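If you want the building blocks of each chain, they are given just below.
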Amino acid sequence: MTKNSTVSKVLEKEYKYGFLTQVESEKIPKGINEDIIRLISEKKQEPEFLLDFRLRAYKQWKMMDEPKWADLNYPAIDYQDIIYYSAPKGIEKKKSLDEVDPEILETFDKLGIPLNEQKRLSNVAVDAVFDSVSIATTFKEKLAEDGVIFCSISEAVEEHPDLIKKYLGKVVPINDNFFAALNSAIFSDGSFVYIPKGVKCPMELSSYFRINSGDTGQFERTLIIAEERSSVSYLEGCTAPMFDTNTLHAAVVELIALDDASIKYSTVQNWYAGDKNGVGGIYNFVTKRGQCKGKRSKISWSQVETGSSITWKYPSCILQGEDSTGEFYSVALTNNKQIADTGTKMIHIGRNTKSTIISKGISAGSSKNTYRGKVHIGSKAIGAKNYSQCDSLLIGADAEANTYPYLHSKQIKSNIEHEASTSKISEDQLFYLRSRGISNEEAISMMVSGFCRDVFNELPMEFASEADSLLGLKLEGTVG
Amino acid sequence: MKEICYPTWIDSIPVNSGLFSQTQILAREQLKTNGIPKKSFEAWRLTNSALLTEFIKHPLCSNNQKLELNNIADSSKSSVKLSFNSEGRFEANIGKGIEKLNEKEINLYLSENSTSRNNNYDFNKTINEASNNKLIGFRVKGKEKKSLEIAIQASLNELIPTRIIIIVEEGSNIDILQIIEGSKSVSHSHIIEIHVGDSATVKHGIVSIGKDSSKLLASIFVKQKKHSTYSLSCIQKGWSMSRFEKEIVQLYGNAKTTLQGLQIAKQKQELATHSLVKFNGPNGYLEQIQKSILDDESHSIFQGMIEVPKIAQKTEASQLSKNLLLSSKAKVDTSPQLKIIADDVKCNHGATISQLSNEEIFYLQSRGINTKQANELLINAFCTDIINNVPIEVNQSACQTYLANLTEK
Amino acid sequence: MNQKKIILEIKDLCGGIEGKDILNGVNLKVCEGEIHALMGRNGSGKSTLSKMIAGHPEYTITSGEIIFRDKDLTQLEPEERANIGVFLGFQYPIEIPGVKNIDFLRVAVNQRRKILAKSELDTIEFEEWIEEKLKIVKMQTDFLERGVNEGFSGGEKKRNEILQMALLEPEVSILDETDSGLDIDALRIVAAGINKLHSNERATVLITHYQRLLNEIKPDFVHIMKNGEIIKTGGKELAIELEQKGYETFQNPLNENTE
């Protein structure tokens, strides 16, 4: 039918970030063992405690098995065939942008993230990560005026070791899961954010992750600490060139919000998804967790997941502080042979904690899109409340949509409410729009956008438009 | 301790001869190899394994299922009562339109229908096969409505296994009422398999009420053909542990399924319901509701899977799990799940875990009703829709006794 | 009849939905400036006719023609029909949650404006322009910020339909039971809107059960539909007769064919 071909046309926008940057890289030998870990740690001139952290994690990892429960079928990963560290030559001791290979700067230009003083975005501070290292962080000085620390995690290790020591691995313990343990052992770089007491971060902070080498895994680590009464909005974007091999991306993100602090963490994930036949693409196995440690603290995850050949990701909130709030807003679009298994965990520990989950899955082609979420209300969480809504839209007869919520309550004075639906694009809605003169293609776009509206509304302005164009859709009027 | 337990227990079970000897040998082997399901099995993750261990410590009930079926020669009644009385016998009067299956037919049936749940280790079934030596089968024929009552009452410290097959032929119509009662530390293991033929209608009610430390493992396998209707209202109350596994397959879609479940638990009782509904053809319809009321330190488990493969276009399925917590120490685990590969479907599910609404209690109080009465009224209201669907006509007086006291504390 | 130009002509239209024949040869001629009322019982084929004119994909035409200004409509996609000036006011306007009313209206209007060789309106221009039109149906601007028909009351949905008609400036409007489910105030608003939008260059076809709407909007012709055919055509007095005698009276003997 013509309808289906239009739908696939809407969905099959070419991956425009698939180019490869020719840059001389310094890579360490393939594989993982204690020597490799020592080598990475040495290259980064890390303090003893961090090497120890890595080695402990490695020991744990060796004893762990890859998780099997997530319905994911993929060829076995040979962990000895991955290069765990790759950095553009001469970047290790970067001082200023002038020393950065112009090729790399141009790469970020092309990705729409100009780093140069003149061209860079005026209201967003960017930490640009290329393979295993952070290339540059913009607006560092300006942010420092407010006491905000925004830098690569390597720099933070050097300059703020006390903070790293205090918080690293506290929200996601080194043995939390297989991939978190792997990350803890060999993480190369990532972003670090510290917002001091009472400070509202004056601009959006953003990290942009670029995988460039085909045989290198990316294992970044992000740590965000929001002190009492502070707030920050952090954005994360990711792309990679098109390779016909699979690249492993196993990141760990830890967020800590103290009393009255709020962290908003938004992701637009657009790693290379592989081709139509499922060849190539990123394996995106990520552990993201936030701890609402303080009273009235709030952590909000928003994500738009469109890339990667496999995504395995459950940004979670541990709602420890009284009256703390956790939110999860997600759009996951899968096409061709992509697999996305994503959702969240809301662990209610403190009194009067609240959580909201809004998940929108769109599966097209012969892809598989799964929502998997857990709501846990512990015995002390008096007055806890959760609301979840998970909707799936199926486009095409081979697409699969699964919804697996796990709800657990031990508290009488609490409420959990979960709703989910799965359907296809409504013919009647489509006809209504077309009968007003809107083309089939545009009508589908509008309806898919409308389907995701509740989530898009949660994204920062800068991202809403990117998210929209990512879905290959036209969102009217939200961004001027 | 446990290591010693299984084999001794298993070896204490009398060995079958004849039709079921082979099945029993296999089941015993499986039990010996796998034992009590491990926590790592998703389907048993939440189960308290100590309770399961207790399940298999009793001797098999002594008079193992002597079946006496009497044909009522000129009966105008089209009803069968199958009761498992205290002497450990099945007694039944066969009525019009219901026939007993002979061994040959049962054999044929078994060869055509293997009731394995996802090829995993099916503990419920294995226990039953290891201990059970009889299978009772019925064929239901003819258009006029028939009824079948199965009453299993037990109060000895024994394991009581039963397995029943009901083949409901094309266009026929039957109400099935199962009453399962247990007290002391009886262990019940029951399997019922129902084949619903083309355009046939089955209304199935299960009232299962346990006392003391009685336990129940029950499996319900249903296969539905085209244009058939199957509805189940299943009530679980008061077992120290009970677990219902329901597997409904719409063989060719185009059928209607209604599943209702109610769990009423107090003390440290653990009541579980695991259901799987699979649509193997288009235009299927499912309406499922599962409710629980939990007092004291009780625990409710619900896992409901709906599978809609590609072939099942235009399926409409809804599933709702509603849980009412009456005590601060009770807990609920609920997981309504959808697995969908067809694009032209309408499926939804929902779940709520909450307590009695203060607003509603207040409203009733303001009309002069005291708190206790108000609570009772609201709890009754919560259960009504499910209770009302039990086919009580089959045995009015028994049902009334059981259902009337269902929600009282 | 004068030299009035024909806008819409339906010739011997037959067809139905899911293999079921509903229309059995409908003939209708609609000229500029005319208001037609199409009356008939439920199931007589009125809505089917309107869906076929608008091009609903589930309806199949087995034979016959639908001509709009010398163009064969049946060959066009639904959106193309709307673009050239055919408008269907739905009996049950569907809710489309998440799609903002104003976004939807702007895209629709700009498509139509392309055909009319007018410049496209940007967000701000559109907001100004629509303000006037809102007055026609007495709607507040906050309607525009909501999802298309999302949570609208019956009356609001129908007013939204008339608003769309006002925005798209169609040449022929087929309004399917626009009066159903309206209270008397809403009916007046809707009727006034329809009257206001009607002109000598445009034509309106009202599908209705009741004569009530025809007190507010004076039709030039009244057609009675039965079993998928128009069995009688007359002036507005026919509607009154119908109201008094009921549909039973009107049979379809070939000899009574008035045309």
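Given the structure is predicted, the values throughout are model-derived calculations rather than measurements.

## Observations regarding the overall build of chain C
Part 1: For chain C, the helix and strand inventory stands at 9 helices and 12 strands.
Part 2: Taking all 259 residues of chain C together, the buried fraction comes to 57%.
Part 3: Across chain C, every contact between residues at least 6 apart in sequence was considered, and the portion connecting residues at least 24 apart equals 70%.
Part 4: If you sum the accessible surface of chain C, you get close to 11700 Å²; carbon and sulfur atoms cover 46% of it.

## A short note on the layout of surface pockets
Part 1: Approximately 1000 Å³ is the volume attributed to the second largest pocket.
Part 2: What lines the second largest pocket is a set of 41 residues, and nearest its centre among them are Leu 393, Ser 423, Lys 424, Ser 426 and Gln 429 of chain A.
Part 3: Residue assignment for the lining of the second largest pocket shows that the elements contributing at least two residues are β22 (385-395), β24 (415-424), α9 (427-434) and α10 (440-456) of chain A, β16 (285-294), β18 (316-325) and β20 (346-354) of chain B together with β7 (96-100) of chain C.
Part 4: It is α10 of chain A that provides the largest number of residues to the lining of the second largest pocket, a total of 6 residues.

## Quick look at the pairing of strand β7 (residues 204-210) of chain A
Residues and elements named next belong to chain A.
Part 1: The buried fraction of β7 is high, at 7 of 7 residues.
Part 2: The two faces of β7 match: Glu 204, Ser 206, Tyr 208 and Arg 210 on one face and Leu 205, Ser 207 and Phe 209 on the other face are all buried.
Part 3: Pairing between strand β3 (residues 124-130) and β7: 7 bridges, direction parallel. Within β7, the position partnered with Val 126 by the bridge is Ser 206.

## Focus: empty space enclosed by the protein
Residue and element names in this part refer to chain A.
Part 1: Counted under the stated rule, the structure contains 11 cavities of 30 Å³ or more.
Part 2: Lining the largest cavity are 17 residues; nearest its centre among them are Ser 359, Gly 361, Asn 369, Thr 370 and Tyr 371.
Part 3: The set of elements that each furnish at least two residues to the lining of the largest cavity consists of β17 (325-334), β20 (354-364), β21 (368-377), β22 and β23 (400-409).
Part 4: For the lining of the largest cavity, the class distribution of residues is 4 nonpolar, 11 polar and 2 charged.

## Some remarks on the pattern of salt bridges
Part 1: Following the criterion strictly, the structure yields 46 salt bridges over all chains and no others.
Part 2: Measuring nitrogen to oxygen at the nearest pair gives 3.7 Å for the salt bridge that ties Lys 424 of chain A to Glu 427 of chain A.
Part 3: You can call Lys 424 of chain A partly exposed: its relative accessible area is 22%.
Part 4: A salt bridge links Glu 34 of chain C to Lys 4 of chain C, with the shortest nitrogen-to-oxygen separation between them at 3.7 Å. Taken together, the residues span a long stretch of sequence, with Glu 34 of chain C in the loop between β2 (20-31) and β3 (35-40) and Lys 4 of chain C in the segment before β1 (6-17) at a distance of 30 residues.
Part 5: One salt-bridge network, held together by shared partners, links Lys 424 and Glu 427 of chain A together with Lys 314 and Asp 344 of chain B.

Parameters and conventions
Residues numbered from 1 in each chain as written. Chains lettered and ligands numbered in written order. Predicted model: local features only at pLDDT ≥ 70, side-chain atom pairs only at ≥ 80, totals over all residues. Heavy atoms only, no water. Helix = DSSP H or I, 4+ residues; strand = E, 2+ residues; numbered from the N terminus. Buried < 20%, exposed > 50% of the residue type's maximum accessible area, 1.4 Å probe, protein only. Contact = heavy atoms within 4.5 Å. Areas by Shrake-Rupley, 256 points an atom, 1.4 Å probe, with all protein chains shown as cover. 1 Å grid on protein atoms, 1.4 Å probe; cavity = no way out; pocket = protein on both sides within 12 Å on 5 of 7 lines; lining within 4 Å. Points joined across faces, edges and corners; volume = space filled by probe spheres on them. Pairing = 2+ DSSP bridges. Nonpolar A, V, L, I, M, F, W, Y, C, P; charged D, E, K, R; others polar. Salt bridge = Lys/Arg side-chain N within 4 Å of Asp/Glu carboxyl O.

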